[in-house]
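Per-entry structural report
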Amino acid sequence: MSSDSRAVTEAMVLDVLTPSSRELLLHMPTSDLLRPIADAVRDDPGDSRTLADWASFLGVSARTITRAFNAETGTSFARWIAAVRAQHAVALLTQGWEVDVVAEEVGYRSASAFGVAFRRTTGLTPGAFRAR
């Protein structure tokens, strides 16, 4: 394919592609404000601190953190946390961990709550994911 044809083809393909709403690739926040949150949650996806908890800890408003998350990651605090948890859960499920143990490890109070969140984030139930 000539370079001109290739460029036109690539432009057309990129024009029709849309990002998946179930993307597990994360933009990691790097600002001094959000780095403590990102580091803590990546180290322990079961960290149960809420947006309000983090705002209090960091001495800023919840709205400040919300704006910073949207600006740096393109998503909300809650969706980012859910995606980090889903990434960790995928790794554990792949290693053969039981669903209820994974649920607890990534911060859910029950396997059913984990299942709902996992499906919302990945499009699959944990059981369906393991069967793949």
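Bear in mind the structure is a predicted one, so any value in this text is a computation, not a measurement.

Section: the overall build of the protein chain
Within the protein chain one finds eight helices and zero strands. The helix and strand sequence of the protein chain, counted from the amino end, reads α-α-α-α-α-α-α-α. Evaluated residue by residue, the protein chain yields a buried proportion of 30% over its 132 residues. Restricting the contact set of the protein chain to residue pairs at least 6 apart, pairs at least 24 apart contribute 57%. Total accessible area on the protein chain stands at roughly 8,300 Å², and carbon and sulfur atoms take up 53% of it.

Quick notes on helix α5 (residues 77-94)
The α-helix winds at 3.6 residues per turn, so residues separated by three or four positions along the chain end up facing the same way. Here α5 is 18 residues long and its end C-alpha atoms lie 26 Å apart, about the 26 Å a rise of 1.5 Å per residue gives. Every buried residue of α5 is listed here: Phe77, Trp80, Ile81, Ala82, Ala83, Val84, Arg85, Ala86, Ala89, Val90, Leu92 and Leu93. Note on α5: the residue one or two positions beyond its end, Gly96, has a positive phi of about 95 degrees.

Some words on the confidence of the model for the protein chain
Averaged over every residue, the pLDDT of the protein chain is 86; the share at 70 or more is 82%. Across the protein chain, helix α3 (residues 51-58) holds the top mean pLDDT of 97, while helix α1 (residues 3-16) sits lowest at 60. Contacts for the low-pLDDT stretch residues 17-22, under 50 throughout, to residues beyond four places or in other chains number six contacts.

Let's talk about the environment of Ser76
Positionally, Ser76 belongs in the loop between α4 (62-73) and α5. With sequence-adjacent residues up to four places away left out, Ser76 is seen in contact with Phe69 and Asn70.

Details of the nonpolar core
With 14 residues, the main nonpolar core has Ile37, Ile65, Phe69 and Trp80 as its most contacted residues. Setting aside anything within four residues of it in sequence, one finds Trp80 in contact with Leu26, His27, Met28, Pro29, Ala38, Val41, Arg42, Phe69, Thr73 and Thr75. Residues Val90, Leu93, Val102 and Tyr108 belong to the second largest nonpolar core, which totals 11 residues.

The rules we used
- Residues numbered from 1 in each chain as written.
- Predicted model: local features only at pLDDT ≥ 70, side-chain atom pairs only at ≥ 80, totals over all residues.
- Heavy atoms only, no water.
- Helix = DSSP H or I, 4+ residues; strand = E, 2+ residues; numbered from the N terminus.
- Buried < 20%, exposed > 50% of the residue type's maximum accessible area, 1.4 Å probe, protein only.
- Contact = heavy atoms within 4.5 Å.
- Areas by Shrake-Rupley, 256 points an atom, 1.4 Å probe, with all protein chains shown as cover.
- Expected span 1.5 Å × (residues − 1).
- pLDDT = per-residue confidence, 0-100.
- Core = buried A, V, L, I, M, F, W, Y, C linked by side-chain atoms within 4.5 Å.

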